[in-house]
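Coordinate analysis (summary)
The primary structure of each chain is shown beneath.
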Amino acid sequence: MATLAQRRRAPRNEKPLTERRLGRWLRIYIPILLFIFITLFPFYWMAITSIKSDQELLDHNQNPMFVIVPTLYHYQYLFFETHFTQWLAN
């Protein structure tokens, strides 16, 4: 019969952390998700600020991450009241 010290020294059949599912998440998936979030966040910010109204853009009491009342006024102004197409062609 094995003693307590011999049982503690016996090798376990467990895989190392880097080969388990948790290790894979820590090593691969979490850094990739963080990189994707950091890369795509400016595009999200540009999209939501382009469809916010002027009052909503300047109201500091609201959450800036979401749009309450979306509007396309800024796009209408850009395409129909400025020379954007000419500027773009230049």
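Refer to the structure presented above.
Below is a summary of the structure that appears in this document. (Residues numbered from 1 in each chain as written. Predicted model: local features only at pLDDT ≥ 70, side-chain atom pairs only at ≥ 80, totals over all residues. Heavy atoms only, no water.)

Here we look at the overall build of the protein
Along the backbone of the protein there are 5 helices and 0 strands. Every one of the 90 residues in the protein was classed for burial, and the buried ones make up 7%. A separation of at least 24 residues holds for 10% of the contacts in the protein among residues at least 6 apart in sequence. Accessible area of the protein: about 8500 Å², with a carbon and sulfur share of 65%. (Helix = DSSP H or I, 4+ residues; strand = E, 2+ residues; numbered from the N terminus. Buried < 20%, exposed > 50% of the residue type's maximum accessible area, 1.4 Å probe, protein only. Contact = heavy atoms within 4.5 Å. Areas by Shrake-Rupley, 256 points an atom, 1.4 Å probe, with all protein chains shown as cover.)

Points about the side chain of Ser50
With respect to the helices and strands, the residue Ser50 is situated in helix H2 (residues 21–50). Residue classification places Ser50 among the buried positions, given a relative accessible area of 17%.

Brief notes about the side chain of Lys52
Along the chain, Lys52 turns up in the loop between H2 and helix H3 (54–58). Although buried, Lys52 forms no salt bridge, and the nearest oppositely charged side chain, Glu56, lies 5.0 Å from it. Among all residues touching Lys52, those that are not within four sequence positions of it are Leu57, Asn63, Pro64, Phe66, Val67, Thr71 and His74. (Lys, Arg positive; Asp, Glu negative; His and termini not counted. Salt bridge = Lys/Arg side-chain N within 4 Å of Asp/Glu carboxyl O.)

Comments concerning the packing of aromatic side chains
According to the stated counting rule, one finds 6 aromatic pairs in the structure shown. Judged by centre distance (6.3 Å) and plane angle (45 degrees), the ring pair of Phe41 and Tyr44 falls under tilted. One end of the pair is Phe41 and the other is Tyr44, both in helix H2 and 3 residues apart, which spans about a single turn. A relative accessible area of 34% places Tyr44 in the partly exposed class. Here the aromatic residues Phe37, Phe41, Tyr44 and Trp45 are joined through ring pairs into a cluster of three or more. (Phe/Tyr/Trp six-rings, centres within 6.5 Å; stacked < 30°, edge-to-face > 60°.)

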